[in-house]
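Structural overview
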Amino acid sequence: MSPSTLFPRLSAELAQDVYSVNSGNERELKIFLSRPIFQSDAKKVLQADVGGRVINAYKDSFALAACGDGEYKNDLFLIFRGTTTNNNKADFLTDARIGLTSSSGGCPAHIGFCHAFASMKPAIDSFIKDHFKNSNQPIRSVHCIGHSLGGAVATLAAEWAYGHVTKNVKLYTFGQPRVGLGLFATTLTYKLGKENIHRVFHTTDPVPMVPVFPYVHTPLPGLGHRIKSDHLIISGEAHKMKTYTDDVDGKTWKQLERAVPVFNHEKAIKEWLSGNRHQNANCPQTFEWLEKAIIWLLTKVLSRFVHVAQLAIMGVHTFLDKLAWLLAKGIELKDAASHWVELFIKKVMRILGMSVKQYNKKATRSFLRYILNELCKRSYDLAQKAVRSLTQ
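Predicted model, so just to flag it, every value in this text is computed and none were measured.

In the contact formed by helix α9 (residues 266-274) and helix α12 (residues 336-351), the axes pass within 9 Å of each other and the chain directions differ by 60°. One way to sum up the angle between α9 and α12 is to call them oblique. At the point where α9 passes α12, the crossing takes the left-handed sense. Of the residues in α12, those touching α9 at Lys270, Trp272, Leu273 and Ser274 are Trp340, Leu343, Phe344, Lys347 and Ile351.

As a further point, take the pairing of strand β7 (residues 169-174). Within β7, six of the six residues are buried, which leaves the element mostly enclosed by the surrounding structure. Alternating positions in β7 separate into two faces, Val169, Leu171 and Thr173 on one and Lys170, Tyr172 and Phe174 on the other, with burial throughout. Both strand β6 (residues 141-147) and β7 contribute to a ladder of six bridges, which runs parallel. Directly across from His147, in β7, lies its bridge partner Phe174. Once you follow β6 into helix α6 (residues 149-164) and on to β7, the crossover reads as right-handed. Pairing between β7 and strand β8 (residues 197-202): four bridges, direction parallel. Opposite Leu171, over in β8, you have Ile197 as the bridge partner. Tracing the backbone out of β7, into helix α7 (residues 182-192) and back to the parallel element β8 gives a crossover that is right-handed.

Another aspect to go through is the nonpolar core. With 43 residues, the main nonpolar core has Leu273, Leu290, Leu327, Phe344, Ile345, Leu368 and Ile371 as its most contacted residues. For this core, the elements supplying multiple residues, two or more each, are α9, α10 (284-301), α11 (316-332), α12 and α14 (365-389). When sequence neighbours within four positions are dropped, the list of residues in contact with Phe344 reads Leu273, Leu290, Ala293, Ile294, Leu297, Leu327 and Leu372. Counting residues in each nonpolar core, the second largest holds 42 residues, with Leu46, Phe62, Cys114 and Phe184 among its members.

Take the confidence of the model for the chain next. Averaged over the chain, the pLDDT score is 82; the fraction of residues at 70 or greater is 83%. Across the chain, β7 holds the top mean pLDDT of 97, while helix α4 (residues 90-96) sits lowest at 61.

Turning to the pairing of β6, a few remarks are in order. β6 sits mainly inside the fold: seven of its seven residues count as buried. Here β6 shows a buried face lined by Ser141, His143, Ile145 and His147 and a second buried face lined by Val142, Cys144 and Gly146. Note that strand β3 (residues 75-80) and β6 share six bridges and pair parallel. Bridged to Phe80 within β6 is Gly146.

Let us look at the packing of α6 against α7. Two numbers describe how α6 lies on α7: the axes approach to 11 Å, and their chain directions differ by 55°. Considered as vectors, α6 and α7 are oriented oblique to each other. Two packed elements cross with a definite hand, and for α6 against α7 that hand is left-handed. In this structure, α6 contributes Thr155, Leu156, Ala158, Glu159 and Tyr162 to the contact, and α7 contributes Phe184, Leu188, Lys191 and Leu192.

Before going further, it helps to spend a moment on the packing of aromatic side chains. With the rule as written, the count across this model stands at nine aromatic pairs. Clustering of aromatic rings is evident, with ring pairs tying together Phe32, Phe38, Tyr72 and Phe77. Against the face of Trp272 rests Lys347, its NZ or CZ located 4.8 Å from the ring centre.

Criteria and cut-off values
Residues numbered from 1 in each chain as written. Predicted model: local features only at pLDDT ≥ 70, side-chain atom pairs only at ≥ 80, totals over all residues. Heavy atoms only, no water. Axes fitted to C-alpha atoms, helices over the stretch in contact; angles between N-to-C directions. Helix = DSSP H or I, 4+ residues; strand = E, 2+ residues; numbered from the N terminus. Parallel < 35°, antiparallel > 145°, perpendicular 65-115°, else oblique. Left-handed = near helix turned anticlockwise from the far one by under 90°. Contact = heavy atoms within 4.5 Å. Buried < 20%, exposed > 50% of the residue type's maximum accessible area, 1.4 Å probe, protein only. Pairing = 2+ DSSP bridges. Right-handed = clockwise from strand over helix to strand, strands pointing away. Core = buried A, V, L, I, M, F, W, Y, C linked by side-chain atoms within 4.5 Å. pLDDT = per-residue confidence, 0-100. Phe/Tyr/Trp six-rings, centres within 6.5 Å; stacked < 30°, edge-to-face > 60°. Lys NZ or Arg CZ within 6 Å of the ring centre and 35° of its normal.

Structure, rendered in structure tokens:
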């Protein structure tokens, strides 16, 4: 591990304590700001624009920029809080704005997250100018840290820092949602290097599963730090920052599992599609299986109709329209391809609690669009419940 890389426990504590910039508890904020890893006279609380452009627009304390001290001297810390209700629930609107815009690096990314980060860039630039550009010591490393919504914004900050501050950028996130499409994830993984991207997630935390494909996580291919969780998804415990902090305590990054899920393999996907076992619609792993099955169908079965690269610039809603059309085309083939498409559709229907007897009567394009949309709504509802549990 690089000498400047934060240990899991420290990065988790910072992601947890940064919520104090918005909590209204002055004592908590004072304790956070007085950490010895920060220079005493080089810290700034950053304001962000959250909510919509017009509806429920809100400017709120969102992050901390700080110069490192001690073993982190000449490092820059950018630490972002997650969702809160202290701003008339404007954060929930930020989360829900899942359209696409260009990130600072020119890649397609979540418009709500990009809007929040872009509103902080002038203040970050000013902070760097005041504390580093007039110094003889260049910035050694940038540490971008966050939980949930804060993890998504930290990911955008890491992309920006690589292009505007230094090439030595470290990213640490916990329970973050997806930020961009394939081009964004591929580019960021290549630039930072997977060894500098520490994305930690619990297996029963639904937030990392949204927005749904074609949004994807960094680092590719699916190499986040996976922590097995027995918490019920409906409790929201798996998404809480304290749970993450407790679960990484005493561990190094090497000790935290980082592996591609077994269902990345074609044989496993086929077995899953062919099985009639009941699927828990409240389990994030069910949605992971579905996502891998979709990707496999697109690349192996339906590639005669569309090149997967064409989907890299589609937002979720456009993608669902295209996928419904592709599935309808796949059914018309009446060959091995149609067999796997039909198994996929029946699997989705079972997960939604629908009788597969309805399939033969309603396998139209509009019906396919309907069940795909319901599937997306189910995943977003799970994520929203988990996020709301943070504020209860």
